[in-house]
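Fold and geometry: a report
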Amino acid sequence: MSSEPSHTGPLAGIRILEVGHILAGPYATMMLADLGAEVTKIEPPTGDLSRQVSDAYFASLNRGKRSICLDLTTDEGQRRLGELAAGAHALLVNLKPSAIRRFGLTYDALRRWNDKIVCVALTGYGLDSGDDPAFDYVIQAVTGVASLTGDPDGPPTLPGYSAADNSTGLTAALGLLAQIVSGRGGQVDVSLRDVMLSQLNYRASAYLNEGTEPRRMPNGAHSYYVPAQLFPTADGYLALFVTHDGFWRLFATEAGIEGFGTMAERARRRDEVLAVVGDVLAGDTAIGWESRLRPLGVPAAAVRSLPDALAETPDAVVTAGEFRLVANPIRIRGYEPEYGAPPALGEHSDVPAPSH
């Protein structure tokens, strides 16, 4: 048996059409392209809006795809869309609901071409919930995510990346694959709002079942586990995440702390625990504590910058055409993706689609 890595991905032979802009939808289909699917990006003559941001931005969401320019407002564009749909397993659309319907990008519109096609609508609030503007930051505000982020005495805060868009893209990819596996065509509906509410799982459950009002905690502290948050040290910040009594015993022994032996006690005496732990951690640097605690199996890490994190993980950086990008996070033993360059606008418009 050959030990050479295979370049045939698990989704080889799966043909996916994409219509959309910017991040959530293109990220979903890029993940699928990395795993071997053939993704054809259908762009208007003006192109995906992300092309206007920067070449590096566009590349980070569109490597390894084909690009076809179609004007879906014309009869010719609609005819070509139908031809493409006839040979595709799925279509993923990231537009507002009225545009999805106007351009004929639903299962009901395309089933006459292919009754097995899976049509995924990725929207802000749902395919049947109107066209209210819905971008990542807006969704984080409307679902309560922003209100839960930041220190209690400060303003609501947003993370430094597009958490709602990325999460919804991955969820949409999962829904698309699930319906393909079912062997049935149909409409899949995934919204940014629903995904972010779903990701508030234990916070929402605590409120719905126990009446616990969610609140922000200093230094990003976890609502259940103590100590589990960021701590300032002699140099830098340390993330310490003690989730059970075994971790506490290991940490407390290394730190020279006595008492607080159970999770319930630590939760009840939160302020005392945090004061003691904070004083001890101030006696060494964040990197120093990381080097002491990691060998013991205690979850702890010094806060790094993105450049530092990338420098420490060179295997996570790949080349796609002229761009250096972060690799697909799904590692499949025996499969090595071929990361193709992002397509030029309309690069494949005159190239015949592969035979089916």
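Preceding block: the structure.
Residues numbered from 1 in each chain as written. Predicted model: local features only at pLDDT ≥ 70, side-chain atom pairs only at ≥ 80, totals over all residues. Heavy atoms only, no water.

**Some remarks on helix H3 (residues 75–86)**
Across its 12 residues, H3 extends 17 Å between first and last C-alpha, which sits within 8% of the 16 Å expected from 1.5 Å per residue. Every buried residue of H3 is accounted for by Gly77, Arg80, Leu81, Gly82, Leu84 and Ala85. Where the residues of H3 are buried, they touch strand E1 (15–20), strand E2 (38–43), strand E3 (66–69) and helix H5 (107–110). (Helix = DSSP H or I, 4+ residues; strand = E, 2+ residues; numbered from the N terminus. Expected span 1.5 Å × (residues − 1). Buried < 20%, exposed > 50% of the residue type's maximum accessible area, 1.4 Å probe, protein only. Contact = heavy atoms within 4.5 Å.)

**What to know about the sheet that holds strand E4 (residues 90–94)**
Strand pairing within a sheet occurs via backbone hydrogen bonds; the two strands may be parallel or antiparallel. Here we have six strands laid out as an open sheet, ordered E3-E2-E1-E4-E5-E6, and parallel in their pairing. If you trace the sheet from one side to the other, it starts and ends with E3 and strand E6 (186–191), each paired once. Across the sheet, the mean angle from the axis of one strand to that of its neighbour is 20°, orientation sign disregarded. In the sheet, strand E5 (residues 118–123) pairs with E6 via six bridges, with the strands oriented parallel. Each bridged residue has a counterpart across the sheet, and for Thr123 the counterpart in E6 is Ser191. (Pairing = 2+ DSSP bridges. Axes fitted to C-alpha atoms, helices over the stretch in contact; angles between N-to-C directions.)

**Topic: the pairing of E4**
Among the five residues that make up E4, five are buried, leaving the element largely enclosed by the rest of the structure. Along E4, one buried face is formed by Ala90, Leu92 and Asn94 and the opposite face, lined by Leu91 and Val93, is buried too. Bridge analysis of E1 against E4 gives five bridges, and the strand direction is parallel. If you follow Val19 over to E4, its bridge partner there is Val93. Direction of pairing for E4 relative to E5: parallel, over a ladder of four bridges. Paired with Leu91 across the bridge in E5 is Cys119.

**With respect to the pattern of salt bridges**
In total, this model carries 18 salt bridges according to the counting rule given. Connected via shared salt-bridge partners are Glu18, Lys41, Asp48 and Lys65. (Salt bridge = Lys/Arg side-chain N within 4 Å of Asp/Glu carboxyl O.)

**Let's talk about the sheet that holds strand E8 (residues 237–241)**
Here three strands make up an open sheet; going across it, the order is E7-E8-E9 and the pairing antiparallel. Of all strands in the sheet, those with a lone pairing partner are strand E7 (228–232) and strand E9 (300–302), marking the two edges. Across the sheet, the axes of successive neighbouring strands diverge by a mean angle of 20°, strand direction being ignored. Of the pairings in the sheet, the one linking E8 to E9 comprises three bridges and is antiparallel in character. Each residue of the ladder has a partner; that of Leu240, found in E9, is Ala300.

**A look at the packing of aromatic side chains**
Any pair of aromatic rings gets described here by the distance separating the centres and the angle formed by the planes. Scanning the model with the defined rule gives five aromatic pairs in all. When the centroid spacing of 5.8 Å and the interplanar angle of 55° are considered together, the rings of Trp248 and Phe251 count as tilted. Highlighted residues: Trp248 and Phe251, both in helix H10 (residues 245–255), separated by three residues, approximately one helical turn. Given a relative accessible area of 2%, Trp248 falls into the buried group. Judged by relative accessible area, Phe251 falls into the buried class, the value being 0%. Centre to centre, the rings of Trp248 and Phe260 are 6.3 Å apart; their planes meet at 80°, and the pair counts as edge-to-face. You can see Trp248 sitting in helix H10 and its partner Phe260 sitting in the loop between H10 and helix H11 (263–268), a full 12 residues away along the chain. In terms of burial, Trp248 and Phe260 fall into one category: buried. By the ring-pair criterion, three or more aromatic residues cluster together here, those being Trp248, Phe251, Phe260 and Trp289. Positioned above the aromatic ring of Phe103 is the side chain of Arg102, whose terminal nitrogen or guanidinium carbon lies 5.0 Å from the ring centre. Here Arg292 stacks its cationic end above the ring of Trp289, 3.9 Å away from the centre of that ring. (Phe/Tyr/Trp six-rings, centres within 6.5 Å; stacked < 30°, edge-to-face > 60°. Lys NZ or Arg CZ within 6 Å of the ring centre and 35° of its normal.)

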